[in-house]
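Architecture at a glance
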Amino acid sequence: MKAAVYKGQGRIALDERPQPEPRDDEVLVRVFAASICGTDTKVLRGGHFRVGVNDTRVLGHELAGEIIKIGQHVSHWRLGQRVSVVPNIGCGHCDMCRKGLNNMCPDYKAFGIDIDGGFQQHMIVTAGAISGGNLFEIPETMSYEEASLVEPLSCCFNAWKDLSVTPEDRVLILGTGPIAGMFLQLARAYGARQVIVVGRRAERLEEIAPLGATHTVDSSKVDVVDEVMRLTGGHGVDVALTCAPAAELQVQALSCLARLGRINFFSGLNKGTLVELDTNKVHYWGLKLLGSTGSSIEDYARALRLVETGQVRVTEVVTHRFGMCEAVAAFDHALSGRGMKTIICPQEERLQ
Ligand SMILES: [Zn+2]
Ligand SMILES: [Zn+2]
(Lines give C-alpha, C1' and ligand atoms only; values in the text may rest on other atoms or scores of the structure.)
(Ligands and ions follow the chains in the order given, each with its own letter.)
Protein backbone atom coordinates (compact mmCIF):
# COMPACT_ATOMS: atom_id res chain seq x y z
CA MET A 1 0.00 0.00 0.00
CA LYS A 2 0.98 3.64 -0.34
CA ALA A 3 1.63 6.00 2.55
CA ALA A 4 2.60 9.68 2.65
CA VAL A 5 5.31 9.68 5.30
CA TYR A 6 6.73 12.65 7.20
CA LYS A 7 10.50 12.18 7.31
CA GLY A 8 11.69 15.18 9.22
CA GLN A 9 11.31 18.92 8.85
CA GLY A 10 10.00 19.90 5.44
CA ARG A 11 10.04 16.36 4.03
CA ILE A 12 7.08 14.20 2.97
CA ALA A 13 7.65 11.13 0.81
CA LEU A 14 5.26 8.74 -0.88
CA ASP A 15 6.38 5.28 0.28
CA GLU A 16 5.33 1.76 -0.61
CA ARG A 17 4.71 -0.16 2.63
CA PRO A 18 3.31 -3.59 3.47
CA GLN A 19 -0.34 -3.45 4.49
CA PRO A 20 -0.38 -3.27 8.31
CA GLU A 21 -1.73 -6.31 10.13
CA PRO A 22 -4.05 -5.58 13.08
CA ARG A 23 -3.23 -7.24 16.40
CA ASP A 24 -5.91 -9.23 18.23
CA ASP A 25 -7.29 -6.07 19.86
CA GLU A 26 -7.06 -3.73 16.84
CA VAL A 27 -8.93 -3.09 13.60
CA LEU A 28 -7.68 -2.13 10.15
CA VAL A 29 -9.41 0.68 8.28
CA ARG A 30 -9.26 1.38 4.55
CA VAL A 31 -8.97 5.17 4.51
CA PHE A 32 -11.20 6.93 1.98
CA ALA A 33 -10.75 10.56 3.01
CA ALA A 34 -8.16 12.39 5.09
CA SER A 35 -8.03 16.17 5.28
CA ILE A 36 -4.92 18.26 5.82
CA CYS A 37 -5.03 20.37 8.98
CA GLY A 38 -2.93 23.28 10.22
CA THR A 39 -1.46 20.82 12.72
CA ASP A 40 -0.09 18.69 9.85
CA THR A 41 1.56 21.67 8.18
CA LYS A 42 2.87 22.77 11.57
CA VAL A 43 4.55 19.36 12.01
CA LEU A 44 5.93 19.58 8.50
CA ARG A 45 7.44 22.97 9.22
CA GLY A 46 9.13 21.39 12.26
CA GLY A 47 7.06 23.32 14.75
CA HIS A 48 5.21 20.63 16.72
CA PHE A 49 6.56 19.75 20.16
CA ARG A 50 5.42 16.12 19.97
CA VAL A 51 6.88 15.25 16.56
CA GLY A 52 10.63 15.74 16.33
CA VAL A 53 12.36 17.15 13.26
CA ASN A 54 14.02 13.73 12.80
CA ASP A 55 10.95 11.55 13.43
CA THR A 56 9.16 9.41 10.86
CA ARG A 57 5.36 9.43 10.98
CA VAL A 58 2.29 9.12 8.79
CA LEU A 59 0.46 12.35 9.61
CA GLY A 60 -3.29 12.94 9.38
CA HIS A 61 -5.85 12.97 12.19
CA GLU A 62 -8.99 13.97 10.25
CA LEU A 63 -10.06 10.80 8.47
CA ALA A 64 -12.76 8.30 7.68
CA GLY A 65 -12.86 4.87 6.11
CA GLU A 66 -14.17 1.33 6.21
CA ILE A 67 -13.25 -1.52 8.55
CA ILE A 68 -11.61 -4.27 6.50
CA LYS A 69 -9.95 -6.43 9.18
CA ILE A 70 -10.79 -7.08 12.80
CA GLY A 71 -8.61 -8.60 15.51
CA GLN A 72 -10.12 -11.71 17.08
CA HIS A 73 -10.55 -10.12 20.52
CA VAL A 74 -12.42 -7.07 19.22
CA SER A 75 -16.15 -7.18 19.91
CA HIS A 76 -18.93 -4.82 18.76
CA TRP A 77 -17.25 -3.78 15.49
CA ARG A 78 -17.79 -5.63 12.21
CA LEU A 79 -16.34 -5.80 8.71
CA GLY A 80 -17.60 -3.22 6.25
CA GLN A 81 -18.60 -0.68 8.89
CA ARG A 82 -17.98 2.92 7.86
CA VAL A 83 -16.07 4.72 10.59
CA SER A 84 -14.18 7.82 11.65
CA VAL A 85 -11.97 8.45 14.67
CA VAL A 86 -11.54 11.00 17.42
CA PRO A 87 -7.77 11.42 17.16
CA ASN A 88 -6.80 12.20 20.78
CA ILE A 89 -6.73 9.10 22.96
CA GLY A 90 -6.69 9.88 26.67
CA CYS A 91 -4.71 7.85 29.21
CA GLY A 92 -8.02 6.87 30.81
CA HIS A 93 -7.04 7.50 34.44
CA CYS A 94 -6.03 11.15 34.95
CA ASP A 95 -8.37 13.84 36.34
CA MET A 96 -9.17 15.14 32.85
CA CYS A 97 -9.92 11.70 31.42
CA ARG A 98 -12.22 11.01 34.39
CA LYS A 99 -14.21 14.07 33.35
CA GLY A 100 -14.45 12.75 29.80
CA LEU A 101 -11.98 15.36 28.53
CA ASN A 102 -9.64 13.14 26.52
CA ASN A 103 -8.44 16.25 24.66
CA MET A 104 -7.14 17.78 27.91
CA CYS A 105 -5.26 14.65 29.04
CA PRO A 106 -1.59 15.57 29.62
CA ASP A 107 -0.57 12.09 28.44
CA TYR A 108 -2.78 11.72 25.39
CA LYS A 109 -1.66 9.85 22.30
CA ALA A 110 -2.93 11.01 18.93
CA PHE A 111 -3.32 9.62 15.45
CA GLY A 112 -1.05 11.45 13.04
CA ILE A 113 1.18 12.58 15.92
CA ASP A 114 2.18 9.60 18.08
CA ILE A 115 0.47 6.88 16.01
CA ASP A 116 0.46 6.61 12.21
CA GLY A 117 -2.52 8.54 10.88
CA GLY A 118 -4.74 8.94 7.85
CA PHE A 119 -2.48 9.83 4.93
CA GLN A 120 -2.09 6.18 3.95
CA GLN A 121 -4.31 3.65 2.26
CA HIS A 122 -4.82 1.47 5.36
CA MET A 123 -4.60 2.53 8.98
CA ILE A 124 -4.54 0.56 12.23
CA VAL A 125 -7.01 1.70 14.89
CA THR A 126 -5.23 0.85 18.13
CA ALA A 127 -6.67 -1.00 21.13
CA GLY A 128 -6.60 2.19 23.22
CA ALA A 129 -8.67 4.04 20.63
CA ILE A 130 -11.24 1.25 20.47
CA SER A 131 -11.59 0.84 24.25
CA GLY A 132 -11.47 4.62 24.75
CA GLY A 133 -14.54 5.17 22.57
CA ASN A 134 -12.58 7.03 19.88
CA LEU A 135 -13.96 4.96 17.01
CA PHE A 136 -17.32 6.14 15.61
CA GLU A 137 -19.67 4.52 13.16
CA ILE A 138 -20.75 7.15 10.66
CA PRO A 139 -24.34 7.47 9.42
CA GLU A 140 -25.18 5.88 6.06
CA THR A 141 -26.09 9.25 4.58
CA MET A 142 -22.72 10.79 5.44
CA SER A 143 -19.90 10.75 2.90
CA TYR A 144 -16.35 9.85 3.94
CA GLU A 145 -15.29 13.38 3.10
CA GLU A 146 -17.93 14.84 5.41
CA ALA A 147 -16.95 12.36 8.11
CA SER A 148 -13.27 13.34 7.87
CA LEU A 149 -14.29 16.96 8.47
CA VAL A 150 -16.26 16.18 11.63
CA GLU A 151 -12.96 16.31 13.54
CA PRO A 152 -12.07 19.96 12.82
CA LEU A 153 -15.74 20.87 13.29
CA SER A 154 -15.69 19.16 16.70
CA CYS A 155 -12.74 21.35 17.75
CA CYS A 156 -14.74 24.40 16.65
CA PHE A 157 -17.79 23.11 18.49
CA ASN A 158 -15.71 22.69 21.66
CA ALA A 159 -14.91 26.41 21.51
CA TRP A 160 -18.39 27.40 20.36
CA LYS A 161 -20.40 25.65 23.07
CA ASP A 162 -18.96 27.85 25.85
CA LEU A 163 -19.67 31.09 23.97
CA SER A 164 -23.45 30.66 24.43
CA VAL A 165 -24.31 32.20 21.06
CA THR A 166 -27.97 33.17 20.58
CA PRO A 167 -29.80 34.93 17.70
CA GLU A 168 -29.35 38.19 19.66
CA ASP A 169 -25.57 38.02 19.24
CA ARG A 170 -23.19 39.76 16.90
CA VAL A 171 -20.24 37.49 16.11
CA LEU A 172 -16.75 38.50 14.94
CA ILE A 173 -14.46 35.96 13.28
CA LEU A 174 -10.85 36.98 12.72
CA GLY A 175 -9.19 34.85 10.04
CA THR A 176 -10.15 33.29 6.71
CA GLY A 177 -8.90 29.68 6.94
CA PRO A 178 -11.06 26.54 7.13
CA ILE A 179 -11.51 26.92 10.90
CA ALA A 180 -12.84 30.44 10.38
CA GLY A 181 -15.10 28.95 7.70
CA MET A 182 -16.49 26.40 10.13
CA PHE A 183 -17.16 29.08 12.74
CA LEU A 184 -19.07 31.03 10.08
CA GLN A 185 -21.13 27.92 9.43
CA LEU A 186 -21.80 27.48 13.15
CA ALA A 187 -22.80 31.16 13.46
CA ARG A 188 -25.23 30.66 10.58
CA ALA A 189 -26.60 27.45 12.12
CA TYR A 190 -27.14 29.20 15.47
CA GLY A 191 -28.81 32.17 13.80
CA ALA A 192 -26.49 34.95 15.00
CA ARG A 193 -27.93 38.31 13.89
CA GLN A 194 -24.67 39.68 12.52
CA VAL A 195 -21.54 37.76 11.53
CA ILE A 196 -18.45 39.76 10.59
CA VAL A 197 -15.36 38.08 9.13
CA VAL A 198 -12.00 39.85 9.05
CA GLY A 199 -9.14 39.01 6.68
CA ARG A 200 -6.30 40.73 4.91
CA ARG A 201 -6.81 39.28 1.42
CA ALA A 202 -9.80 40.28 -0.68
CA GLU A 203 -9.98 36.98 -2.60
CA ARG A 204 -10.05 34.93 0.61
CA LEU A 205 -12.80 37.12 2.04
CA GLU A 206 -14.79 36.63 -1.14
CA GLU A 207 -14.31 32.86 -0.92
CA ILE A 208 -15.28 32.55 2.74
CA ALA A 209 -18.15 35.05 3.01
CA PRO A 210 -20.84 32.75 1.51
CA LEU A 211 -20.30 30.29 4.39
CA GLY A 212 -22.23 32.59 6.71
CA ALA A 213 -20.87 36.13 6.91
CA THR A 214 -23.19 39.11 6.86
CA HIS A 215 -20.22 41.50 6.54
CA THR A 216 -16.55 41.30 5.56
CA VAL A 217 -13.73 43.56 6.73
CA ASP A 218 -10.49 43.80 4.74
CA SER A 219 -7.84 44.56 7.35
CA SER A 220 -5.36 45.62 4.66
CA LYS A 221 -7.65 48.52 3.75
CA VAL A 222 -9.45 49.70 6.90
CA ASP A 223 -8.92 49.88 10.64
CA VAL A 224 -10.55 46.72 11.99
CA VAL A 225 -11.84 48.14 15.27
CA ASP A 226 -13.26 51.31 13.67
CA GLU A 227 -14.97 49.29 10.95
CA VAL A 228 -16.47 46.73 13.36
CA MET A 229 -17.78 49.57 15.53
CA ARG A 230 -19.30 51.22 12.46
CA LEU A 231 -20.92 47.97 11.29
CA THR A 232 -22.42 47.32 14.72
CA GLY A 233 -23.70 50.87 15.18
CA GLY A 234 -21.16 51.52 17.94
CA HIS A 235 -22.31 48.49 19.96
CA GLY A 236 -19.35 46.19 19.35
CA VAL A 237 -19.61 42.41 19.08
CA ASP A 238 -20.91 39.98 21.68
CA VAL A 239 -18.68 37.11 20.61
CA ALA A 240 -15.24 37.04 18.96
CA LEU A 241 -13.04 34.17 17.77
CA THR A 242 -9.40 34.53 16.75
CA CYS A 243 -8.67 32.00 14.01
CA ALA A 244 -5.13 32.90 12.95
CA PRO A 245 -1.95 32.75 15.07
CA ALA A 246 -1.38 36.50 15.44
CA ALA A 247 -1.16 38.43 18.70
CA GLU A 248 -2.69 41.58 17.20
CA LEU A 249 -5.89 39.68 16.43
CA GLN A 250 -6.33 38.96 20.13
CA VAL A 251 -5.93 42.66 20.92
CA GLN A 252 -8.37 43.64 18.15
CA ALA A 253 -10.91 41.05 19.31
CA LEU A 254 -10.89 42.47 22.83
CA SER A 255 -11.18 46.04 21.52
CA CYS A 256 -14.25 45.08 19.46
CA LEU A 257 -16.08 43.41 22.34
CA ALA A 258 -19.33 44.81 23.80
CA ARG A 259 -20.33 44.59 27.47
CA LEU A 260 -20.64 40.97 28.68
CA GLY A 261 -18.80 39.91 25.53
CA ARG A 262 -17.06 36.55 25.12
CA ILE A 263 -13.86 35.67 23.26
CA ASN A 264 -12.30 32.37 22.36
CA PHE A 265 -8.59 32.59 21.51
CA PHE A 266 -8.84 29.60 19.19
CA SER A 267 -5.51 29.83 17.37
CA GLY A 268 -2.47 29.32 19.55
CA LEU A 269 0.48 31.71 19.26
CA ASN A 270 4.14 30.83 19.01
CA LYS A 271 5.46 29.49 22.29
CA GLY A 272 6.45 32.22 24.73
CA THR A 273 4.44 34.99 23.05
CA LEU A 274 3.04 37.45 25.59
CA VAL A 275 0.17 39.76 24.66
CA GLU A 276 -0.74 43.06 26.32
CA LEU A 277 -4.49 43.18 26.95
CA ASP A 278 -6.74 45.80 28.58
CA THR A 279 -7.74 43.82 31.67
CA ASN A 280 -9.64 46.81 33.06
CA LYS A 281 -12.05 46.39 30.18
CA VAL A 282 -12.39 42.72 31.09
CA HIS A 283 -13.11 43.71 34.70
CA TYR A 284 -15.56 46.57 34.24
CA TRP A 285 -17.40 45.14 31.24
CA GLY A 286 -17.72 41.63 32.63
CA LEU A 287 -15.98 39.97 29.71
CA LYS A 288 -15.15 36.29 29.36
CA LEU A 289 -11.79 35.34 27.82
CA LEU A 290 -11.77 31.66 26.89
CA GLY A 291 -9.50 29.18 25.18
CA SER A 292 -9.91 25.64 23.93
CA THR A 293 -7.90 22.97 22.19
CA GLY A 294 -8.95 19.81 20.40
CA SER A 295 -12.24 18.14 21.19
CA SER A 296 -13.62 15.54 23.55
CA ILE A 297 -15.45 12.44 22.42
CA GLU A 298 -18.70 14.18 23.41
CA ASP A 299 -17.85 17.25 21.29
CA TYR A 300 -17.16 14.90 18.41
CA ALA A 301 -20.51 13.18 18.81
CA ARG A 302 -22.29 16.57 18.78
CA ALA A 303 -20.38 17.73 15.70
CA LEU A 304 -21.26 14.48 13.93
CA ARG A 305 -24.96 15.23 14.48
CA LEU A 306 -24.58 18.82 13.23
CA VAL A 307 -23.20 17.39 9.99
CA GLU A 308 -25.66 14.49 9.77
CA THR A 309 -28.66 16.80 10.15
CA GLY A 310 -27.32 19.24 7.57
CA GLN A 311 -27.10 22.11 10.07
CA VAL A 312 -23.44 22.48 9.14
CA ARG A 313 -22.41 21.68 5.56
CA VAL A 314 -18.74 20.97 6.19
CA THR A 315 -17.76 20.17 2.62
CA GLU A 316 -18.32 23.83 1.73
CA VAL A 317 -14.86 24.54 3.17
CA VAL A 318 -13.18 22.05 0.80
CA THR A 319 -11.46 23.73 -2.12
CA HIS A 320 -9.00 21.05 -3.33
CA ARG A 321 -8.87 17.24 -3.57
CA PHE A 322 -5.82 15.10 -4.33
CA GLY A 323 -5.30 11.38 -4.96
CA MET A 324 -2.75 9.21 -3.12
CA CYS A 325 -0.06 9.58 -5.80
CA GLU A 326 -0.41 13.35 -5.49
CA ALA A 327 0.00 13.45 -1.70
CA VAL A 328 3.28 15.38 -1.84
CA ALA A 329 1.69 17.96 -4.13
CA ALA A 330 -1.27 18.15 -1.75
CA PHE A 331 1.06 19.16 1.08
CA ASP A 332 2.87 21.69 -1.11
CA HIS A 333 -0.53 23.12 -1.92
CA ALA A 334 -1.63 23.26 1.72
CA LEU A 335 1.67 24.89 2.71
CA SER A 336 1.25 27.53 0.01
CA GLY A 337 -1.79 28.88 1.88
CA ARG A 338 -3.96 28.83 -1.25
CA GLY A 339 -7.53 27.60 -0.99
CA MET A 340 -9.22 26.55 2.24
CA LYS A 341 -9.39 22.83 3.04
CA THR A 342 -7.37 20.23 1.14
CA ILE A 343 -8.49 16.58 1.13
CA ILE A 344 -6.42 13.53 0.24
CA CYS A 345 -8.42 10.56 -1.06
CA PRO A 346 -6.07 7.59 -0.47
CA GLN A 347 -8.09 5.15 -2.60
CA GLU A 348 -7.87 7.41 -5.66
CA GLU A 349 -4.63 7.58 -7.62
CA ARG A 350 -5.01 11.04 -9.09
CA LEU A 351 -7.64 13.75 -8.89
CA GLN A 352 -5.78 16.79 -10.18
ZN1 LIG B 1 -7.01 19.07 12.76
ZN1 LIG C 1 -5.65 11.18 30.85
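Residues numbered from 1 in each chain as written. Chains lettered and ligands numbered in written order. Predicted model: local features only at pLDDT ≥ 70, side-chain atom pairs only at ≥ 80, totals over all residues. Heavy atoms only, no water.

- Going by the annotation in an unreviewed UniProt entry, the name recorded for the protein chain is Threonine dehydrogenase-like Zn-dependent dehydrogenase, with Shinella granuli given as the source organism.
- Per its UniProt entry, the protein chain bears the Cofactor (unreviewed entry) comment "Zn(2+)".
- Per UniProt, the protein chain has the following entry under Sequence similarities (unreviewed entry): "Belongs to the zinc-containing alcohol dehydrogenase family." (UniProt positions renumbered as here; feature names shortened; annotations may be inferred.)

Digging into unusual backbone geometry
- A positive phi angle, close to 45 degrees, is found at Ser-164, a residue other than glycine.
- The phi angle at Leu-260 is positive, at roughly 60 degrees, despite the residue not being glycine.
- Structurally, Leu-260 can be placed in strand 14 (residues 257-265). (Helix = DSSP H or I, 4+ residues; strand = E, 2+ residues; numbered from the N terminus.)

A closer look at the side chain of Asp-40
- Among the secondary structure elements, Asp-40 is positioned in helix 1 (residues 38-44).
- For the buried Asp-40, no salt bridge is present, and the opposite-charge side chain at shortest range is Lys-341, 6.7 Å distant.
- Setting aside residues up to four positions removed in sequence, Asp-40 forms contacts with Ser-35, Leu-59, Gly-60, His-61, Phe-119 and Phe-331. (Buried < 20%, exposed > 50% of the residue type's maximum accessible area, 1.4 Å probe, protein only. Lys, Arg positive; Asp, Glu negative; His and termini not counted. Salt bridge = Lys/Arg side-chain N within 4 Å of Asp/Glu carboxyl O. Contact = heavy atoms within 4.5 Å.)

Brief notes about the pattern of salt bridges
- This model, assessed by the stated rule, comprises 21 salt bridges.
- Connected via shared salt-bridge partners are Arg-17, Arg-57 and Asp-116.

Describing the pairing of strand 13 (residues 237-242)
- Of all six residues in strand 13, six are buried, a share of seventy percent or more.
- The pairing of strand 10 (residues 170-174) with strand 13 spans four bridges and is classified as parallel. Pairing of Leu-174 across the sheet is with Thr-242, part of strand 13.
- By the bridge criterion, five bridges tie strand 13 to strand 14 in an arrangement that is parallel. Directly across from Ala-240, in strand 14, lies its bridge partner Ile-263. (Pairing = 2+ DSSP bridges.)

Re the coordination of the zinc ion (ligand 2)
- Taken together, Cys-91 (SG), Cys-94 (SG), Cys-97 (SG) and Cys-105 (SG) make up the full set of protein donors to the zinc ion (ligand 2), lying 2.3 to 2.4 Å away.
- Note that the zinc ion (ligand 2) binds four donor atoms; their angles at the metal cover 105 to 115 degrees, and the shape is tetrahedral.
- Counting residues between consecutive donors of the zinc ion (ligand 2) along the chain gives the motif C-x2-C-x2-C-x7-C.
- On the basis of relative accessibility, which here comes to 25%, the residue Cys-91 falls in the partly exposed class. (Donors = N, O, S within 2.8 Å, 3.2 Å for Na, K, Ca; no water. Tetrahedral: all angles 85-135°; square planar, octahedral: opposite > 155°, others 65-115°.)

Remarks on the coordination of the zinc ion (ligand 1)
- For the zinc ion (ligand 1), every protein donor is listed as Cys-37 (SG), His-61 (NE2) and Glu-62 (OE), and the spread of their distances is 2.1 to 2.4 Å.
- Going along the chain, you hit the donors of the zinc ion (ligand 1) in the pattern C-x23-H-E. Taken together, the positions of Cys-37 in the loop between strand 3 (27-36) and helix 1 and His-61 in the loop between helix 1 and strand 4 (62-70) put the pair 24 residues apart, joining distant regions of the chain. The same class applies to Cys-37 and to His-61, which are both buried.

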